[in-house]
Amino acid sequence: MSSPLSHAGQTRGASAQNTVRAMELGQHVMAASLTSVGVVRAIGMGTEAAAAIIAGVAVGTWHVAGVILPSRSPTSRSVVGWLIGFALVWAAAVAVSAEFVWLSFLLWLLAGHLLPLRWGLAFSGVVFGVVVAAPILHYQTSSYADVFGPLIGGVFAFGISRGYLQLLHDAAERERLVASLTKAHEETSELQDELALAQRHSGAIAERTRISRDIHDTIAQSLSSIRLVSHAEAARTSDPVAARTLGQVEALAGDGLADVRRIISALAPAELEDDALASALRRMLERVSKETGLQTELHVDDTLPILPTDVEVALLRTAQSAVGNVRQHASATRIDMSLIDADDSVRLDIVDDGIGFDVTAWEQAGDASSSYGLWFMRSRLRELGGGLDIESAAGEGSAVSAHLPIHRTSQENP
């Protein structure tokens, strides 16, 4: 079962919920105590016992209804309706006896907690008017105490309630930040693993490429030279034995050269599907799609060369930050990522269909306090001689394009 107070705090964290439960218990105790005091004092002041008891039972019944109704219809409208109904029942009880004005303290607490500030003040003013008018209507007299006592009590009760509300808000915000930091730490750990894998893969590719070039520049060139020299000498010699021997040397050199070329071809990775960066991006998008339900797609140019490790690391970091922004802020349903061979540079495009943002306002902000992730991405890319282009508009999604220069190496067959 829940109460209007628990409804007000139902979206908050664990510690805030504990505070709400304590306030809820205090609300029940206060309602029961003040209602009992009102009934006893009303009877003591000459009100018919039956009328006083009926008024007290009505107040108590409506308060209990506040425990049941929000749990069946947990909306702000139902809670506000309950509070207004509680005020009307209380006003009817005050019409029976002015001693029920004690319950106004509870109404001020509830108004401060359940209503927006402006409406809470207006509601509290109406309650205060009923409290001031009650002794005049019943006893045809009033005093400064009948006015300033409730006024001070009302301000105190309303202020306490608003203070508790702010504490709940601050507690929820702290828990949200802690949860966000925890999630960011977990994601960073996963991304570090992806980065380490990408670096190992890239290192392996670089080592295989180095070995293939060394073989090409030494053994393959030597065998090619032996083959050419043997062929030339066999054509000039008139000794049949020497010609036959030189022919055998030329054939052996040719066979060895063919074997070396096959080895070079096997060592030099030409298939982009095995590339470390593309594999890391593909795994990242698959994980995002599994965790969030986002539709993802990766396009990789077939002509993309082997990239330096620092370029791969920078592009992977950029992709991770951009996808993280989409998950947290864009409310998107789809992410399209493209790794493009742009001749002397490589470009990584990330496009989403989310809510977008005002790029001009972001650029004019001019500091990392506004979407700092984008500023960090741009700074990292500029350190390597690249840059970051951003296109977006409210309601039209966003496109982020990272570009970096690359040093191409050519590998010619002997």
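Predicted model only: the values in this text are computed from it and were never measured.

**Examining the overall build of the protein chain**
So, step 1. Per the secondary structure count, the protein chain includes 12 helices and five strands.
So, step 2. Counting every position in the protein chain, which comprises 414 residues, the buried fraction comes to 38%.
So, step 3. The long-range share in the protein chain, meaning contacts at least 24 apart out of those at least 6 apart in sequence, stands at 70%.
So, step 4. About 22500 Å² of surface is accessible on the protein chain, with carbon and sulfur atoms providing 60% of the total.

**A look at the sheet that holds strand E2 (residues 334–342)**
Paired through their backbone hydrogen bonds, the strands of a sheet run either parallel or antiparallel.
So, step 1. With mixed pairing, the five strands of this open sheet are ordered in space as E1-E2-E3-E5-E4. Because the sheet does not close on itself, it has two edges, and the strands there are strand E1 (295–300) and strand E4 (387–392). Averaged over all pairs of adjacent strands, the angle between their axes in this sheet comes to 10°, without regard to strand direction.
So, step 2. As defined by bridge partners, E1 adjoins E2 across six bridges and the pair is classed as parallel. In the sheet register, Leu 298 faces E2, and the bridge partner there is Met 337.
So, step 3. Sheet strands touched by helix H9 (residues 276–292): E1, E2 and strand E3 (345–352). Its angle to E1, the strand with the most contacts, is close to 170°.
So, step 4. Taken strand by strand, helix H10 (residues 309–330) contacts E2, E3, E4 and strand E5 (398–405), and its axis lies near 10° from that of E3.

**Describing the confidence of the model for the protein chain**
So, step 1. Scored by pLDDT, the protein chain has a mean of 77; 83% of the residues are at 70 or more.
So, step 2. Confidence, expressed as mean pLDDT per element, reaches its minimum in the protein chain at helix H1 (residues 4–8) with 50 and its maximum at E3 with 93.
So, step 3. Long-range and interchain partners of residues 7–13, a stretch whose pLDDT sits below 50, account for 17 contacts in this model, where long-range means more than four residues apart.
So, step 4. Note on residues 269–274: pLDDT is under 50 here. Beyond four places in sequence and across chains, it has 12 contacts.

**Description of the nonpolar core**
So, step 1. Counting 38 residues, the largest nonpolar core has Leu 281, Leu 307, Leu 315, Met 337, Leu 339, Val 346 and Leu 348 as the members making the most contacts within it.
So, step 2. The set of elements that each furnish at least two residues to this core consists of H9, H10, E2, E3, helix H11 (359–365), helix H12 (372–383), E4 and E5.
So, step 3. Here the element with the most residues in this core is H10; it accounts for nine residues.
So, step 4. When residues no more than four places from it in sequence are discounted, the contact partners of Leu 339 are Leu 277, Leu 281, His 299, Val 300, Asp 301, Leu 304, Leu 315, Val 346, Arg 347 and Leu 348.

**Digging into helix H4 (residues 76–96)**
So, step 1. Relative to the 30 Å expected for 21 residues at 1.5 Å per residue, H4 spans 31 Å between its end C-alpha atoms, a close match to the ideal helical length.
So, step 2. The set of residues buried in H4 consists of Val 79, Trp 82, Leu 83, Gly 85, Phe 86, Ala 87, Val 89, Trp 90, Ala 93 and Val 94.

**Observations regarding the pairing of E2**
So, step 1. As paired strands, E2 and E3 are joined by eight bridges and run antiparallel to one another. Looking across to E3, one finds that Asp 341 is bridged to Val 346.
So, step 2. Counting the residues that bridge the hairpin from E2 to E3 gives two residues, and of these Asp 343 lies at a positive phi of roughly 60°.

**A look at the side chain of Asp 341**
So, step 1. When you line up the elements, Asp 341 lands in strand E2.
So, step 2. Among the polar contacts listed, one links the side chain of Asp 341 to the backbone nitrogen of Asp 343, at a separation of 3.3 Å.

**Some thoughts on the side chain of Ser 124**
So, step 1. Position of Ser 124 relative to the elements: it lies in helix H6 (residues 117–139).
So, step 2. For Ser 124, a relative accessible area of 10% translates into the label buried.
So, step 3. Only 2.8 Å separates the side chain of Ser 124 from the backbone oxygen of Gly 120, close enough to count as a polar contact.
So, step 4. Those residues within four positions of Ser 124 in sequence are excluded, and the remaining contacts are Trp 108, Ala 111 and Phe 158.

**What to know about unusual backbone geometry**
So, step 1. Here the phi dihedral of Ser 331 falls at roughly 55°; this positive angle occurs in a residue that is not glycine.
So, step 2. With respect to the secondary-structure elements, Ser 331 resides in the loop between H10 and E2.
So, step 3. Despite not being glycine, Asp 343 shows a phi value in the positive range, around 60°.
So, step 4. Position of Asp 343 relative to the elements: it lies in the loop between E2 and E3.
So, step 5. Looking at Asp 343, the relative accessible area reads 60%, which means it is exposed.

Definitions and limits used
- Numbers given to residues run from 1 along each chain, matching the order in which its sequence is written.
- Owing to the predicted nature of the model, reporting of local features is limited to residues with pLDDT of at least 70; listing and counting of side-chain atom pairs is limited to 80 or more, with chain, interface and lining totals taken over all residues.
- Side-chain numbers come from the whole structure's heavy atoms, not from hydrogens or water.
- Secondary structure elements are taken from DSSP: a helix is a run of H or I of four residues or more, a strand is a run of E of two residues or more, and numbering for both begins at the N terminus.
- Only protein chains enter the calculation, and the probe is 1.4 Å; a residue is then buried if its accessible area is under 20% of its type maximum, exposed if over 50%, and partly exposed in between.
- Contacts: residue pairs with any heavy atoms within 4.5 Å of one another.
- For every accessible area listed, the method is Shrake-Rupley and the probe measures 1.4 Å; residues are considered covered only by the protein chains on display.
- The criterion for strand pairing is that DSSP finds at least two bridges linking the strands in question.
- As a rule, the C-alpha atoms of each element are fitted with a line to give its axis, helices using only the stretch in contact, and angles between N-to-C directions run from 0 to 180 degrees.
- pLDDT expresses how confident the predictor is about each individual residue, on a scale running from 0 to 100.
- Residues enter a nonpolar core if they are buried and are Ala, Val, Leu, Ile, Met, Phe, Trp, Tyr or Cys, with the set joined through side-chain atoms within 4.5 Å.
- Between the first and last residue of a helix there are one fewer steps than residues, each counted as 1.5 Å, and that sum is the expected span.
- Whenever a nitrogen or oxygen atom comes within 3.5 Å of another N or O atom, the pair is scored as a polar contact, on the condition that within protein one atom can donate a hydrogen and the other can accept it, and that pairs from neighbouring residues in sequence are kept only if both atoms are in side chains.

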